[in-house]
Amino acid sequence: MTLHWRPLLLMIVTGLLGAASSIYLHQWALRQDDEQIRALVSFRSEWRATDLSWKLEATGHAVASLAALIAADPDISLERFRRINAEPLRRLKSMTGIGWVPRVPGGERERFEAAIRAEGLAGFRILESRTGGFVPVAERDEYFPLIHGWIFDGPAAVPGLDAFANTYIRAAGLAARDSGDLTMTIPLRSDVTGLTTLQPMAPVYRGDGVPAGIEERRARLRGYVIGRVPLVDALNRAIEHTPEISEDIYFAHGTGALTEGRAQTFAEYHMGGRAFAASNKTIELAGLPGIVVVKPVRVYNTEWTAVFHFPPDLLAAERAKGLWGLLIAGLLATGGIMAFFGYEARQTVRSERLVAERTADLRRESAERLRVERAATAIIEQSPFAIVGLHPDRRVMLWNQAAERIFGYTADEVVGGPYPLVPPEGQAEFDRIIERVSAGERLVDVGVSRRRKEGTLVDIVFSGAPLHDAEGGLAGFVFVLQDVTERRAIEAQLRQSQKMEAIGQLSGGIAHDFNNMLAAIIGNLEIALDEKRDVAPIHKLIETAIDVAARGGELVQRLLAFARRQMLVPRLIDVAAVIGGVVPILKRTLGESIAIDSRSEPGLWPVMADPAQLDSALLNLAINARDAMPRGGTLTITANNITIDPDMAPVFPDLVLGDYVVVAVADTGTGMPPEVVARAFEPFFTTKETGKGTGLGLSMVYGFMRQSGGTAKIYSEVGHGTTMHLYLPRAAYAAAEAPAADAARTAPGGRERVLVVEDNPDVREVACTMLVSLGYQVTPAGDATQALALIASEAPFDLLFSDVVMPGTSGIELADEVRRHHPRMKILLTSGFASPVAIRDQAKEAGIELLAKPYRRIALAVKVREVLDQGA
């Protein structure tokens, strides 16, 4: 048999070539598949690492938001901290705790501890953790104690615990301070729960914004907002609502796994599981079978490493099917297989390019959408105004934190239900508002009343607008509401204060003119009395007229007290001692049917005030209390220290912030209705019968308190009694008490030359007559201009006796001019309408004395002689 070796050889060669080609193509296909799998797992790992980074950073948003709030609210209270921040965080479950940690310089520790204890936190100390519990902190340059802390899960927060006693927390805090950004601590394992915890820290600075330089940041640091987030919880929230995880994941701190080939794990996730679990072991990356992808994860300036492990069985499931069939088919048709793989290679490159482009687009869209959603949510939730969204059927769709704070309803209580704020009497008005907004009208600054959860009404100014869907249909309504209850109350107090000030100015002007009249009347009567001493009936009538005019002067002094223009003699006084001295007098004055109870707080602050005026004020209030208790009762007088801080400022718009002593005079009498309380301080207003009161008692008390730098307030309820509060400012410095005035003595008069300057001709004539009767050489002048001309043209005068209030140049200005050019001339001023502050300043600088109008002849004689004899 002839062997046709050529075809056989050709067949063998063809078969060998085909087999070799098929085997080569099969190996090439395997390598291509491996590269595609590696690209796929690398992309999946990159996406997962980026997604974890974004979502882990989201755990710090609440800390950053709270830091911004505290920066705008320096004195945030624990209750406000809990209501505005802790409760919403509990519902969102974004972290297990949050706290405010202020910076306390080392030298201010004791003062700070005392201040916190005074605010109600008994036994407060700055502490640090030691074996066996918490102990007072060691001496340091600065401390960072926990003041407002709220723990949702786990042991309660320890007030005063120094957060920077932990070295790792301190390192993260200093990095946050210098960078001005929120920083995450390294993982800390809790001794109590055993869980690894992250602590995001946001620095808070004094002033507006973050300082530009590191040194300024260090100088203006106020403290930190510190959160607490269990690492495992944060990771599990991060993987919610994401594509299914089919690989093993190990989460490690730092970037050591990127260079050293091993990782110290804190959390791990395994195929087939449903959540991350806590971990504390070291893994060798080279010992993990399959593919290992290591990716860095950066979370608020803290470096982490995510290790993604794809085991061989997972990779096998990812491999392309039919490669062995492809090998067999390649043995039959090498050329076709080569063409197929060439086409497949081109398609693979094209597909990878399309996938990469689409992935980049989706990533950009996702990041932008997430940024917009975060910004919108933050603006709505952190807005100081209540923002409410309603469905067209009036069901609540949106209810932010400010709405919870203003109206008392939580979002869980109202979202999905009917709008709860409209009282029954306001339903018709609300229907008209909805109709207007539904018609497309935008409402701006509409004033209404709305009902809080506890039933009280609150004054609201709101703006509203319709919401439309993509097709232009009505999708609902949005309303922005502002609570103006407090603002309107302050406006009412301001109007009342302005009214009282206007009445005071009018009263002061009237008193000034009346003083001049009384000065002329009393002076002429005393002159007539000297001439008619031997005529008994006329002598008696003149003395009676002088007494009546003197009582008129007392009435003027009450008007001046209300107008805050009477001359006070303030000195450093002990309010408790004043009360102790007044009580015995009150017991004799009020009678046995009135029981008196007086108490003063230990350590009562000293005040600068006129003790005689304070005695008079207490006596006035006690007599009013007696009249309000015709059948007897109890009069209580107490004195306490009080500090008016920014939180109390709206209640005291007429006081500056600071320390005060408050004297409370309370009775158990009939009380006053609101309309009487509103007018109680007005001069000449009285509810007593005609002839039983002038209506100047309370107005005098009010004027004395305002002139002393304080105020007076009334609290009264009909049938329950009245309490009057007198607020006196704490003395800013210790001053020696003024020496007691010498007893009045009869002056022998003199022969000196006296220049009398008075614009009122009646008062001028009386003053000149009195001085002439005392032997002085008197020259009158009607104003300062005439007086200066007389001084320049005549022989030197020994004394200038001038009124304070005159048209043109005042008596004080005239005195300044005289002292500059004639320093040896003595000066005595007189007025019934003078500012005691200005007079005291002038007296301190130039030794000027003051005589109040109206004055008796003996008072004028004594004062003139005293001034002339000074320095003799």
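From a predicted model like this one, the values you see are computed outputs, not experimental measurements.

(A) View of the packing of helix 21 (residues 761-773) against helix 25 (residues 857-869). It is at 10 Å that the axes of helix 21 and helix 25 come closest, and there the two elements cross at 65 degrees. On the basis of their axis angle, the class for helix 21 and helix 25 is roughly perpendicular. Remark: the crossing between helix 21 and helix 25 carries right-handed chirality. For the pair formed by helix 21 and helix 25, the contact residues are Ala767, Met770, Leu771 and Ser773 on the first element and Arg857, Leu860 and Val864 on the second. Among the residues forming the contact of helix 21 with helix 25, the class breakdown is five nonpolar, one polar and one charged.

(B) View of the packing of aromatic side chains. On inspection of all chains with the given rule, the structure shows ten aromatic pairs. Considering the side-chain rings of phenylalanine 144 and phenylalanine 164, the 4.1 Å spacing of their centres and the 35 degrees angle between planes classify their relative orientation as tilted. Of this pair, phenylalanine 144 sits in the loop between strand 5 (142-143) and strand 6 (148-151) while phenylalanine 164 sits in the loop between strand 6 and helix 5 (167-179), and the two are 20 residues apart along the sequence. The exposure class assigned to phenylalanine 144 is buried, which follows from its relative accessible area of 1%. The buried category is assigned to phenylalanine 164, whose relative accessible area is 5%. Centroid distance phenylalanine 462 to phenylalanine 479: 5.8 Å. Interplanar angle 70 degrees. Geometry classified as edge-to-face. Of the two residues, phenylalanine 462 sits in strand 20 (residues 457-468) while phenylalanine 479 sits in strand 21 (residues 474-483), which places them 17 residues apart along the sequence. Exposure remark for phenylalanine 479: the relative accessible area of 5% places this residue in the buried category. One aromatic cluster is present, built from ring pairs that chain together Phe144, Phe164 and Tyr224.

(C) Expanded view of the sheet that holds strand 19 (residues 443-451). Reading across from one edge, 18-17-21-20-19 is the order of the five strands in this open sheet, with antiparallel pairing throughout. Each edge of the open sheet carries a strand with a single partner, namely strand 18 (396-399) and strand 19. The sheet shows a mean angle of 30 degrees between the axes of neighbouring strands, direction not considered. Note that strand 17 (residues 386-390) and strand 21 share five bridges and pair antiparallel. Residue pairing for strand 21: alanine 386 is matched across the bridge by leucine 481. Each of strand 17, strand 19, strand 20 and strand 21 touches helix 14 (residues 427-438); the most contacted strand, strand 19, lies at about 150 degrees to it.

About the thresholds
- Residues numbered from 1 in each chain as written.
- Predicted model: local features only at pLDDT ≥ 70, side-chain atom pairs only at ≥ 80, totals over all residues.
- Heavy atoms only, no water.
- Axes fitted to C-alpha atoms, helices over the stretch in contact; angles between N-to-C directions.
- Helix = DSSP H or I, 4+ residues; strand = E, 2+ residues; numbered from the N terminus.
- Parallel < 35°, antiparallel > 145°, perpendicular 65-115°, else oblique.
- Left-handed = near helix turned anticlockwise from the far one by under 90°.
- Contact = heavy atoms within 4.5 Å.
- Nonpolar A, V, L, I, M, F, W, Y, C, P; charged D, E, K, R; others polar.
- Phe/Tyr/Trp six-rings, centres within 6.5 Å; stacked < 30°, edge-to-face > 60°.
- Buried < 20%, exposed > 50% of the residue type's maximum accessible area, 1.4 Å probe, protein only.
- Pairing = 2+ DSSP bridges.

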